[in-house]
Amino acid sequence: MSVSRLCSRAACPHSASATLTYVYSDSTVVLGPLATYAEPHAYDLCDDHADRLTVPRGWEVVRLDRGAPAPSSHDDLVALAEVVRRRPDDARRPAPVSREDEESSGVREEGRRGHLRVLRDPS
């Protein structure tokens, strides 16, 4: 007996056809084919909700071909998220502060946490 998964949206009775995952550290949403297994941090969506998906302002959506076969494991989904996270053309990442920039501005980098930097102003 085969049981299909339902859309994660409240009160939606339709069968899921796509899986949505978030890469919070990069403000990215990945929408792809229905995952083989239901994952606790992924959302299954029906065709209607997948097509009408909107994301918060400033976030990016990566839409994968939903006609493609589903990833065979959770490891494949994690690998896909890592590829999205490591894109070399990601303009949202702050440029590293060089020593020359620090010396000329007087601002010094104290630390980092993810994409955020702690800067100390000497004045």
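In this text the structure is predicted, and so the values were computed from the model without any measurement. (Residues numbered from 1 in each chain as written. Predicted model: local features only at pLDDT ≥ 70, side-chain atom pairs only at ≥ 80, totals over all residues. Heavy atoms only, no water.)

A. Quick peek at the overall build of the protein chain. A tally of helices and strands in the protein chain yields 3 helices and 6 strands. Along the chain direction, N to C, the helices and strands of the protein chain fall in the order β-β-β-α-β-α-α-β-β. In the protein chain, buried positions account for 24% of the 123 residues. Sequence separation of 24 or more characterises 53% of the internal contacts of the protein chain that already satisfy a separation of 6 or more. Surface accessibility of the protein chain: about 8,900 Å² in total, with carbon and sulfur atoms responsible for 53%. (Helix = DSSP H or I, 4+ residues; strand = E, 2+ residues; numbered from the N terminus. Buried < 20%, exposed > 50% of the residue type's maximum accessible area, 1.4 Å probe, protein only. Contact = heavy atoms within 4.5 Å. Areas by Shrake-Rupley, 256 points an atom, 1.4 Å probe, with all protein chains shown as cover.)

B. Molecular detail of the pattern of salt bridges. Summed over all chains, the structure comprises 2 salt bridges. Ionic pairing is found between Arg-5 and Asp-44, a salt bridge with its closest N-O pair at 2.6 Å. Pair noted here: Arg-5 is in the segment before strand S1 (18-23) and Asp-44 is in strand S3 (residues 42-45), with a separation of 39 residues, a long-range link. Asp-44 sits in the buried class, given a relative accessible area of 8%. (Salt bridge = Lys/Arg side-chain N within 4 Å of Asp/Glu carboxyl O.)

C. Inspection of the state of the cysteines at higher detail. As enumerated under the stated definition, the model contains 0 disulfides in all. Free of any disulfide, Cys-7 has its nearest neighbouring cysteine sulfur in Cys-12, separated by 3.9 Å. Taking the relative accessible area as the measure of exposure, Cys-7 reaches 7% and is therefore buried. For Cys-46, which is in no disulfide, the shortest distance to another cysteine sulfur is to Cys-12 and amounts to 3.8 Å. (Disulfide = S-S within 2.5 Å.)

D. Representation of a nonpolar patch on the surface within the structure. Residues Tyr-22, Tyr-24 and Tyr-43 make up a contiguous nonpolar surface patch of roughly 340 Å² in combined accessible area. If you trace the backbone, Tyr-22 turns up in strand S1. On the basis of relative accessibility, which here comes to 32%, the residue Tyr-22 falls in the partly exposed class. (Patch = residues over 30% accessible without salt bridge, like charges linked within 9 Å, V, L, I, M, F, W, Y side chains within 5 Å.)

E. Representation of the nonpolar core within the structure. Core analysis: the biggest nonpolar cluster contains 10 residues, these being Cys-7, Cys-12, Ala-18, Leu-20, Val-29, Leu-31, Leu-45, Cys-46, Ala-50 and Leu-53. Of all the elements in the fold, those that place two or more residues in this core are S1 and strand S2 (28-33). If we ignore the near neighbours within four places in the chain, the residues touching Cys-46 are Cys-7, Cys-12, His-14, Ser-15, Ala-16 and Ser-17. (Core = buried A, V, L, I, M, F, W, Y, C linked by side-chain atoms within 4.5 Å.)

F. Geometry of the sheet that holds S1. The 4 strands lie next to each other as S3-S1-S2-S4, forming an open sheet whose pairing is mixed. With one partner strand each, in any of the chains shown, S3 and strand S4 (60-63) form the two edges of the open sheet. Sheet twist, expressed as the mean angle between neighbouring strand axes with direction ignored, is 25 degrees. Of the pairings in the sheet, the one linking S2 to S4 comprises 4 bridges and is parallel in character. Across the sheet, residue Leu-31 finds its bridge partner in S4, namely Arg-63. (Pairing = 2+ DSSP bridges. Axes fitted to C-alpha atoms, helices over the stretch in contact; angles between N-to-C directions.)

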